[in-house]
Amino acid sequence: MTSLYREPETPGEHVDWGALEFLDVFRIHRSGPVETVALRGLDLRVERGEVIAVLGPSGSGKSTLLQLAAGLDQPSAGEVRALSEPLSRLGERELAEYRARRVAIVFQSRNLWPQLTARENVRLASRFVPGALQADEALAAFDVEKRASVRAGSLSGGEQQRVAIAAAAARRAPLVLADEPTAELDTANERVVLEALWALRDEHGSTVVVVTHSARIASTADRVVHLQDGRVA
Ligand code: ADP
Ligand code: MG
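What you see is a predicted model; the values in this text were computed from it and never measured. (Residues numbered from 1 in each chain as written. Chains lettered and ligands numbered in written order. Predicted model: local features only at pLDDT ≥ 70, side-chain atom pairs only at ≥ 80, totals over all residues. Heavy atoms only, no water.)

**Concerning the overall build of the protein**
Argument step 1. Each helix and strand in the protein was counted, giving seven helices and ten strands.
Argument step 2. Taking 233 residues into account, the globule formula puts the C-alpha radius of gyration at 17 Å, and the protein, at 17 Å, falls close to it.
Argument step 3. For the C-alpha atoms alone, the extent of the protein along its principal axes is close to 50 × 40 × 35 Å.
Argument step 4. Per-residue burial over the protein gives 51% buried out of 233 residues.
Argument step 5. For the protein, the share of sequence-separated contacts (at least 6 apart) that also reach a separation of at least 24 residues comes to 75%.
Argument step 6. Roughly 11,100 Å² of accessible area belongs to the protein as shown, and the carbon and sulfur atoms make up 47% of that amount.
Argument step 7. Across the protein, the 28 positively charged side chains and the 32 negatively charged ones have centroids separated by 3 Å. (Helix = DSSP H or I, 4+ residues; strand = E, 2+ residues; numbered from the N terminus. Rg over C-alpha atoms; globule rule 2.2 N^0.38 Å. Buried < 20%, exposed > 50% of the residue type's maximum accessible area, 1.4 Å probe, protein only. Contact = heavy atoms within 4.5 Å. Areas by Shrake-Rupley, 256 points an atom, 1.4 Å probe, with all protein chains shown as cover. Lys, Arg positive; Asp, Glu negative; His and termini not counted. Charge placed at Lys NZ, Arg CZ, Asp CG, Glu CD.)

**Things to note about helix α2 (residues 92–101)**
Argument step 1. Along α2, the residues classified as buried are Glu94, Leu95, Glu97, Tyr98 and Arg101. The arc enclosing the buried residues of α2, seen along the axis, measures out at 160°, which places them on a common side. Of the exposed residues in α2, those oriented more than 90 degrees away from the buried face are Glu92 and Arg93.
Argument step 2. If you follow the buried residues of α2, they end up packed against α1 (62–69), β4 (77–82), β6 (103–106), α5 (157–171) and β7 (175–179). (Arc of directions from axis to C-beta.)

**Side note on the side chain of Thr64**
Argument step 1. Along the chain, the position of Thr64 falls in helix α1.
Argument step 2. Taking the relative accessible area as the measure of exposure, Thr64 reaches 14% and is therefore buried.

**Structural notes on the site of ligand 1**
Argument step 1. Neighbouring ligand 1 are the residues His29, Thr36, Ala38, Pro57, Ser58, Gly59, Ser60, Gly61, Lys62, Ser63 and Thr64.
Argument step 2. The separation between an oxygen atom of ligand 1 and a polar main-chain atom of Gly59 is 2.7 Å.
Argument step 3. Here an oxygen atom of ligand 1 sits 3.2 Å away from a polar atom, N or O, in the main chain of Ser60.
Argument step 4. Computed on the free molecule, ligand 1 has an accessible area of 560 Å², of which 58% lies beneath the protein chains in the complex.
Argument step 5. Elements with a minimum of two residues in the shell around ligand 1: β2 (34–46) and α1.
Argument step 6. Top element by residues in the shell around ligand 1 is α1. It accounts for three residues. (Near = heavy atom within 4 Å. Polar contact = N/O pair within 3.5 Å; in protein donor to acceptor, adjacent residues only side chain to side chain.)

**What to know about the sheet that holds strand β3 (residues 51–55)**
Argument step 1. Read across the sheet, six strands follow the order β6-β7-β8-β3-β9-β10 without closing on themselves; strand pairing throughout is mixed. Edge positions in the sheet fall to β6 and β10 (231–232), since each of these pairs with one other strand and no more. (Pairing = 2+ DSSP bridges.)

**Considering the pairing of strand β9 (residues 223–228)**
Argument step 1. Pairing analysis gives four bridges linking β3 to β9, with the strands arranged parallel. Bridge pairing in β9 links Val54 to Val225.
Argument step 2. Pairing of β9 with β10, which is carried by two bridges, proceeds in the antiparallel orientation. Looking at β10, one finds that Gln228 is bridged to Arg231.
Argument step 3. Once β9 ends, the chain turns through two residues before running back antiparallel as β10, passing Asp229 with a positive phi of about 50°.

**Let's talk about helix α3 (residues 118–125)**
For an α-helix the count is 3.6 residues per turn, leaving residues at separations of three or four pointing the same way.
Argument step 1. Among all positions in α3, only Ala118, Asn121 and Val122 are buried. All buried residues of α3 lie within an arc of 95° about the axis, which places them on one face of the element.
Argument step 2. Next to the buried residues of α3 lie α4 (135–141) and α5.

**Some remarks on the environment of Val46**
Argument step 1. Following the sequence through the fold, Val46 ends up in strand β2.
Argument step 2. Residues Val46 and Phe128, spaced 82 residues apart in sequence, show a C-alpha to C-alpha distance of 27 Å.
Argument step 3. Setting aside anything within four residues of it in sequence, one finds Val46 in contact with Ala19, Leu20, Ile52, Thr207 and Arg223.

**A look at the nonpolar core**
Argument step 1. Of all hydrophobic cores here, the largest spans 41 residues; its most connected members are Val122, Phe142, Leu197, Trp198 and Leu200.
Argument step 2. The element contributing the most residues to this core is α5, with eight residues.
Argument step 3. Counting residues in each nonpolar core, the second largest holds 28 residues, with Leu20, Leu44, Val54 and Leu66 among its members. (Core = buried A, V, L, I, M, F, W, Y, C linked by side-chain atoms within 4.5 Å.)

Here it is as structure tokens:
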């Protein structure tokens with residue numbers, strides 16, 4: 001179980017991480033007598049360096065899928081493998097390390113501390129990552145270096161998302177998970193943010209999973225996965 005936690009390689013190289021895999025995964029929420037089945041036998045394999053878009057109606061289990069992939073939630077049954085390892089086999093410390101160093105999550109909004117500058121946000125996100133990119137370098141890669149000293153709360157929605165993606169790039173996270181990252185953006189910004197996400201794969205070799213409502217976003221991914229009632233349709 002040491003394979004996951006090698007020290008990060010020199011910039012430009014990539015660790016030997018594998019696909020993200022869901023094997024017959026169930027996630028059932030119980031609240032008293034009420035059961036909600038968020039995932040119902042999900043099978044999915046994402047190859048290394050693949051960019052996939054996950055589409056599906058509200059409540060179909062998209063966010064649950066990401067939470068499980070991020071190690072923030074555990075399946076009720078079935079297995080989630082990320083970076084070659086079943087996450088259930090990781091101890092507390094290893095799981096914490098997986099979340100802190102291997103995964104980057106980009107939400108719809110509020111990815112940043114509004115009172116900190118863009119630069120401070122990127123630094124904060126990558127502070128425990130040996131070999132992290134310099135904050136200004138990461139910001140420049142996503143065309144927001146001129147905004148480095150601006151408080152995140154004063155940036156536009158599109159700029160905030162690009163700073164969040166720059167933070168993911170700075171962390172050199174092999175697995176990038178985005179939950180409707182462009183839901184609050186107009187079409188022009190949607191494109192820019194999308195291109196930034198795709199660049200994470202092209203420039204850093206990350207595997208990128210983007211949950212979206214937008215068929216347009218989905219069409220530019222390597223592959224589209226449709227979720228319906230907690231499984232791949
Ligand atoms: P999506 O992101 O596709 O809208 P979610 O993964 O958020 O779907 O949710 C899938 C289903 O699981 C929904 O019916 C939702 O209400 C339910 N659900 C998600 N999280 C919880 C929770 N913590 N407690 C109870 N039900 C939940
Ligand atoms: Mg959701």
